[in-house]
Amino acid sequence: MIEKFLVSIFLSLLVWRSVDETSPFYIPEGWPEPSYYFEGNPLSRAKFELGRSLFYDPILSRDSTISCASCHVQFSGFTHVDHPQAHGIDGLVGTRNAPALINLAWLDQFNWDGGVANLNGHSINPITNPKEMDNSMEDVLKKLNNSPYYKRRFQEVWGDSVIYTPYLLKTMAAFTVSLISANSKYDQVQLGKEQFTEQETRGYKLFQKFCNSCHTEPLFTSGQLKRNGLSYDSELKDSGHKMISGKNKDSLLFKVPTLRNIEFSYPYMHDGRMKKLKEVLQHYSNIPMIKSKVSKELKVLKKPFSDHEQKDLLAFLKTLSDKSFLYNKEFMFPKNER
Amino acid sequence: MRFFFVIILVISNVVSAQLTFEFRWGEQKIIPEKTYYYKSDSIQFEELKAYLSDIYIESQERRQKIADVWLINFEDALSTSLNTTLEDEFPRTVFFNFGLDSLYHVNMDYTGDLDPVHGMYWAWNTGYINFKMVARCSNAASKNGRVDYHLGGYLKPNQTTHPIEFKMRSSTILLDLLPLFDKDIIRPEVISSIVLPGKEANRLMKFLSNTFRHD
């Protein structure tokens, strides 16, 4: 026990040493240590602000029309809400729902299929994906290096007059790793500052019994890959983690999304096939328990949720909304900076 | 005609050396846009790149690392040689990995030869391509005769990196690629594209690693 405590203190010190006090990143009270390797990318306010500028700047895309924020909109939890699947350059539509960008420092695999193992490398995906930004890293660097504005900003952060790939990727990660949502009603209840209503309490109990093993508190995701009983879409042809590992046993394994701000991050599921939370609850109520289609954690769902139970669960899920995050000015489009 | 992958170690004196890597077709140096022939087909290489990693040279007394990562690109003459300084001893053996050790895949350094700008990074799968061949074959199964073999993978069971060791009696090390085509190890007329880790990539990388040899 003492050893565990000392290790925890040591890890906290490592994070603390690598995070400048002016950076917005923090570890909420009672949360586990983040997985992100801060020593490999020490955070500072300047790096965060530069990452924020890049996140909102379409300069990263081939024709300078699409930015990260085109699909990751703050008020919905840094996802998008207008289509089931995200759309990118030239109006091209992808095959997946844009994932919410929330509390990424605690995750160690990214994308719905878990194909990306480190946040620092993640932004190469949307930049180079032909249906997203359709650019090459070479061109992005060329554009940035031709911009006196970004040359100056990168020089301030990295102390180098030339912008290289690691600078760009780590700067982007400095912004996304700082997107922390931990100020919902649920969090206030945990800190003893608020109380659930009776309905929310009933919903919380149901949640703990039936949902928490995958949507684990306090992140409301285990960060793992699970099979949740959704059928294969023969049009989208998305088999999840199987596309990464090449193994049949990984078919339809998708990453468990966080439920934080779930009220605002519709549509739901990896392909956005469900528009309302009610549909999601009905799916889990009537899930066919076919071994090959359902991860073992879901086998606790032996009977459908009643209408009352669904309402209670919905009431609880809404306590995970964090408007101080969704409208945090520090994460918004940076105005008047040029 | 033979298609060779060649590494030449030139010892200019006891303390300095140049490791040279050369793509060859038999005795000819492979160059872009030139046509080469095998069996009843012809091939033109558009892209030919390979990673070597953890390159050591060993003398009687010690083993010395001369490079972590070396990306060889047949279109870039500068990339085909590696200059180094050796201890004051005659080297006897060279060791390296054909492909990148798994640590390079997960460390996400992104600098120098590991920079994704070199077109050897699989963003969707966090990892690097160890060997890349893009070519045109007249009989290839694809529409325009294009052949894409992006061979990589570092997670079990699709690990494609192989350790190689050579005695340094002579200055030349070869990786003969012709058998890939001549012995039907690769059949572009059947499979013109391998761009994912998996059995095919494993098979081809294993075959290539066994084809490294001393001249």
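Per chain, residues are indexed from 1 in the order of the written sequence. All chains are assigned letters beginning with A, and all ligands numbers beginning with 1, in the order in which they are written. Residues qualify for local features only when their pLDDT is at least 70, as the model is predicted, and side-chain atom pairs are given and counted only at 80 or more; totals for whole chains, interfaces and linings, by contrast, use all residues.

Asker: Can you explain the overall build of chain A? Please cite residues and give values.
Answerer: Runs of H or I in DSSP of at least four residues are treated as helices and runs of E of at least two as strands, each being numbered from the N terminus. Helix and strand counts for chain A come out as 14 helices and two strands. This radius of gyration counts C-alpha atoms alone. The globule rule is 2.2 Å times how many residues there are, raised to the power 0.38. Against the globule reference of 20 Å for 338 residues, chain A gives a C-alpha radius of gyration of 20 Å, in line with a compact fold. Seen along its three principal axes, the alpha-carbon backbone of chain A occupies a region of about 60 × 50 × 40 Å. Any residue with 12 or fewer other C-beta atoms within 10 Å of its own C-beta is exposed, any with 20 or more is buried, and the rest are partly exposed; the C-beta atoms used are placed from the backbone. For chain A, the residues scored as buried account for 41% of the 338 residues in total. By the convention adopted here, residues make contact when the C-beta atoms placed from their backbones lie within 7 Å. Considering only intrachain contacts with a sequence separation of at least 6, the fraction spanning at least 24 residues in chain A is 67%.

Asker: Requested: an account of the overall build of chain B, with residues and values cited.
Answerer: When its secondary structure is counted, chain B shows three helices and 15 strands. Burial statistics for chain B: of 215 residues in total, 35% are counted as buried. Restricting the contact set of chain B to residue pairs at least 6 apart, pairs at least 24 apart contribute 67%.

Asker: I'd like a description of the environment of Ile72 of chain B, backed by residues and values.
Answerer: Inspection of the secondary structure assignment puts Ile72 of chain B in strand β6 (residues 63–73). Here Ile72 of chain B is in contact with Phe21, Lys49, Ala50, Ser79 and Thr80 of chain B, once residues within four sequence places are set aside.

Asker: Go over the packing of helix α2 (residues 45–55) of chain A against helix α7 (residues 148–158) of chain A with me, naming the residues and quoting the values.
Answerer: Residue and element names in this part refer to chain A. A fitted line through C-alpha atoms represents every axis, and for helices the fit uses only the stretch in contact; the resulting angles, taken between N-to-C directions, go from 0 to 180 degrees. Running from amino to carboxyl end, α2 crosses α7 at an angle of 150 degrees, the nearest separation of the two axes being 9 Å. Here α7 runs roughly antiparallel to α2, going by the angle between their axes. Along this stretch, α2 crosses α7, giving a crossing that reads as left-handed. Here Ala46, Lys47, Leu50 and Ser53 of α2 lie close against α7, whose contacting residues are Arg153, Phe154, Glu156 and Val157. We call Asp, Glu, Lys and Arg charged. Ala, Val, Leu, Ile, Met, Phe, Trp, Tyr, Cys and Pro are nonpolar, and the rest, Gly among them, are polar. Grouping the amino acids of the contact of α2 with α7 by side-chain chemistry returns four nonpolar, one polar and three charged. When describing relative orientation, an angle under 35 degrees is termed roughly parallel and one over 145 degrees roughly antiparallel, while 65 to 115 degrees is termed roughly perpendicular and anything else oblique. A crossing counts as left-handed when the near helix is turned anticlockwise from the far one by less than a right angle, and as right-handed when that turn is clockwise.

Asker: A description of the pairing of strand β2 (residues 16–25) of chain B should follow, citing residues and the corresponding values.
Answerer: All names here are of chain B. The alternating pattern of β2 places Ala17, Leu19, Phe21, Phe23 and Trp25 on a buried face, while none of Ser16, Gln18, Thr20, Glu22 and Arg24, on the opposite face, is buried. Bridging between β2 and strand β7 (residues 81–85) involves five bridges; their strand directions are antiparallel. Residue pairing in the sheet places Ser16 in a bridge with Thr85 of β7. Two strands pair if DSSP finds at least two bridges between them.

Asker: Got a sec to walk through the domain arrangement of chain A? Specific residues and values, please.
Answerer: All names here are of chain A. Under the domain assignment, chain A is made up of domain 1 (2–180) and domain 2 (185–321). The centre of domain 1, based on its C-alpha atoms, is set 25 Å off from the matching centre of domain 2. Between domain 1 and domain 2, the contact holds 26 residues from the first and 27 residues from the second. Among the residues making up the side of domain 1 that touches domain 2, the classes are represented as ten nonpolar, twelve polar and four charged. Domain delimitation follows an automatic or database domain assignment.

Asker: Give me the interface of chain A and chain B: which residues, what numbers.
Answerer: Every contact between the two is made by 18 residues of chain A and, on the other side, 16 residues of chain B. If you list the elements that add at least two residues to the side of chain A that touches chain B, you get α4 (119–122), α5 (124–128), α6 (137–145) and α8 (165–176) of chain A. Among the residues forming the side of chain A that touches chain B, the class breakdown is nine nonpolar, eight polar and one charged.

Asker: A description of the environment of Phe78 of chain A should follow, citing residues and the corresponding values.
Answerer: Residue and element names in this part refer to chain A. Within the fold, Phe78 resides in the loop between α3 (68–71) and α4. By C-beta crowding, Phe78 is classed as buried, having 26 other C-beta atoms within 10 Å. Sequence separation of Phe78 and Leu101 is 23 residues, and the distance between their C-alpha atoms is 5.2 Å. Dropping the residues within four chain positions of it, Phe78 is found in contact with His72, Val73, Ala100, Leu101, Ile102 and Leu179.

Asker: Account for the environment of Gly229 of chain A, naming residues and giving values.
Answerer: Residue and element names in this part refer to chain A. As for its placement among the helices and strands, Gly229 is situated in the loop between β1 (225–226) and α11 (242–245). Given 18 C-beta atoms within 10 Å, Gly229 falls into the partly exposed group. In sequence terms Gly229 and Pro267 are 38 residues apart; their C-alpha atoms lie 17 Å from each other. When neighbours within four sequence positions are excluded, Gly229 is seen to be in contact with Ile287, Pro288, Lys293, Val294 and Leu298.

Asker: Provide a residue-level description of α7 of chain A, including the pertinent values.
Answerer: All names here are of chain A. Residues of α7 that are buried include every one of Tyr150, Arg153, Phe154 and Val157, and no others. The buried residues of α7 occupy an angular sector of 95 degrees when the element is viewed end-on, so they sit on one face. Looking at α7, the residues exposed on the side facing more than 90 degrees away from the buried face are Pro148 and Arg152. Along its buried surface, α7 packs onto α2, α6 and α8. Backbone geometry just downstream of α7 places Gly159 in the positive-phi region, at approximately 65 degrees. Directions drawn from the helix axis to the C-beta atoms are what define this arc.

Asker: Outline unusual backbone geometry, listing residues and values.
Answerer: With an omega dihedral of -5 degrees, the bond running from Glu217 of chain A to Pro218 of chain A counts as a cis peptide bond. The topology assignment puts Pro218 of chain A in the loop between α10 (198–210) and β1. Between Tyr266 of chain A and the following residue, Pro267 of chain A, the backbone shows a cis peptide bond with an omega angle of -5 degrees. Tracing the backbone shows Pro267 of chain A in the loop between β2 (254–255) and α12 (277–285). Phi is positive for Leu252 of chain A, which is not a glycine, with a value near 65 degrees. Tracing the backbone shows Leu252 of chain A in the loop between α11 and β2. Positive phi is not limited to glycine here, since Glu33 of chain B has a value of about 70 degrees. Its place among the elements puts Glu33 of chain B in the loop between β3 (28–29) and β4 (35–38).

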